[in-house]
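Chain by chain, the residues:
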Amino acid sequence: DAGVTQSPTHLIKTRGQQVTLRCSPKSGHDTVSWYQQALGQGPQFIFQYYEEEERQRGNFPDRFSGHQFPNYSSELNVNALLLGDSALYLCASSTDRSSGNTIYFGEGSWLTVV
Amino acid sequence: SQQGEEDPQALSIQEGENATMNCSYKTSINNLQWYRQNSGRGLVHLILIRSNEREKHSGRLRVTLDTSKKSSSLLITASRAADTASYFCATRNTGGFKTIFGAGTRLFVKA
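Since this is a predicted model, take the numbers as computed values, not measurements. (Residues numbered from 1 in each chain as written. Chains lettered and ligands numbered in written order. Predicted model: local features only at pLDDT ≥ 70, side-chain atom pairs only at ≥ 80, totals over all residues. Heavy atoms only, no water.)

Asker: Explain the overall build of chain B to me, please; I cannot follow it from the model alone.
Answerer: Summing up its helical and strand segments, chain B has zero helices and eleven strands in all. Seen in sequence order, chain B has helices and strands lined up from the N terminus as β-β-β-β-β-β-β-β-β-β-β. In summary, chain B has a C-alpha radius of gyration of 13 Å against a globular reference of 13 Å for 111 residues, a match within 12%. For chain B, the spread of C-alpha atoms along the three principal axes comes to 45 × 25 × 20 Å. (Helix = DSSP H or I, 4+ residues; strand = E, 2+ residues; numbered from the N terminus. Rg over C-alpha atoms; globule rule 2.2 N^0.38 Å.)

Asker: I would appreciate a short explanation of the interface of chain B and chain A in the present structure.
Answerer: Interface extent is often summarised as the accessible area lost during association of the parts. The interface is formed by 22 residues belonging to chain B together with 23 residues belonging to chain A. Carbon and sulfur atoms make up 48% of the surface buried where chain B meets chain A, a total of about 1900 Å² over both sides. Of all residues in chain B, Leu43, Phe97 and Lys98 of chain B bury the most surface against chain A, accounting for 27% of the area lost on that side. At the boundary of chain B with chain A, the tally comes to one salt bridge. Two residues, Glu107 of chain A and Arg41 of chain B, come together in a salt bridge whose shortest N-O distance is 2.7 Å. Summed over the shared surface of chain B and chain A, the result is nine residue pairs in polar contact (both at pLDDT 80 or more). Elements with a minimum of two residues in the side of chain B that touches chain A: β4 (29-37), β5 (43-50), β9 (85-93) and β10 (99-101) of chain B. Residue composition of the side of chain B that touches chain A, by class: seven nonpolar, ten polar and five charged. (Contact = heavy atoms within 4.5 Å. Buried area = accessible area lost by both parts, 1.4 Å probe. Salt bridge = Lys/Arg side-chain N within 4 Å of Asp/Glu carboxyl O. Polar contact = N/O pair within 3.5 Å; in protein donor to acceptor, adjacent residues only side chain to side chain. Nonpolar A, V, L, I, M, F, W, Y, C, P; charged D, E, K, R; others polar.)

See the structure below:
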């Protein structure tokens, strides 16, 4: 049973560029959440996708957008990259059908903006 | 803003000792979860405790929840060097969908 998988593992982008990160949820999970984790901080909630719709959003600008596909996989897009966007981006999956709603994380995508 | 706040920020102990980390939160919750993160890696789920539960055990882990004080504690007994990691509490608000994390406690277990 594959867990949550993310790609790419590491990437370097230049200020002003755009980036797309990808996530495949754990088998049987239909909900995907994205988090940003700066060095030494806890993960910050970006948004959550369920049934291909953004269900809830954290305090992030519109430069951060996402998508969920019919197979429940998801993408995170960040436009007009800033140096401050450098962070570990974590994808987490869960299912509302399970009690407790434990969320499972991928290994993350390290983004460096130079 | 963060929902959960862990205390202490960092903890250094000898192998074999017990480690206790605390978490406080602000609003009504459905459940509280504890996660571990090794440096630069993804978060690993340790244990979930529901709002109607007071204590839960899993191996060397013991979690308590006091909803009247809006606080939780994670106890790791007989710590090992491999327990060195950051530990985060995370809460899901009543009626909400997102799980919110605190800033974490960095645990160092010296061999």
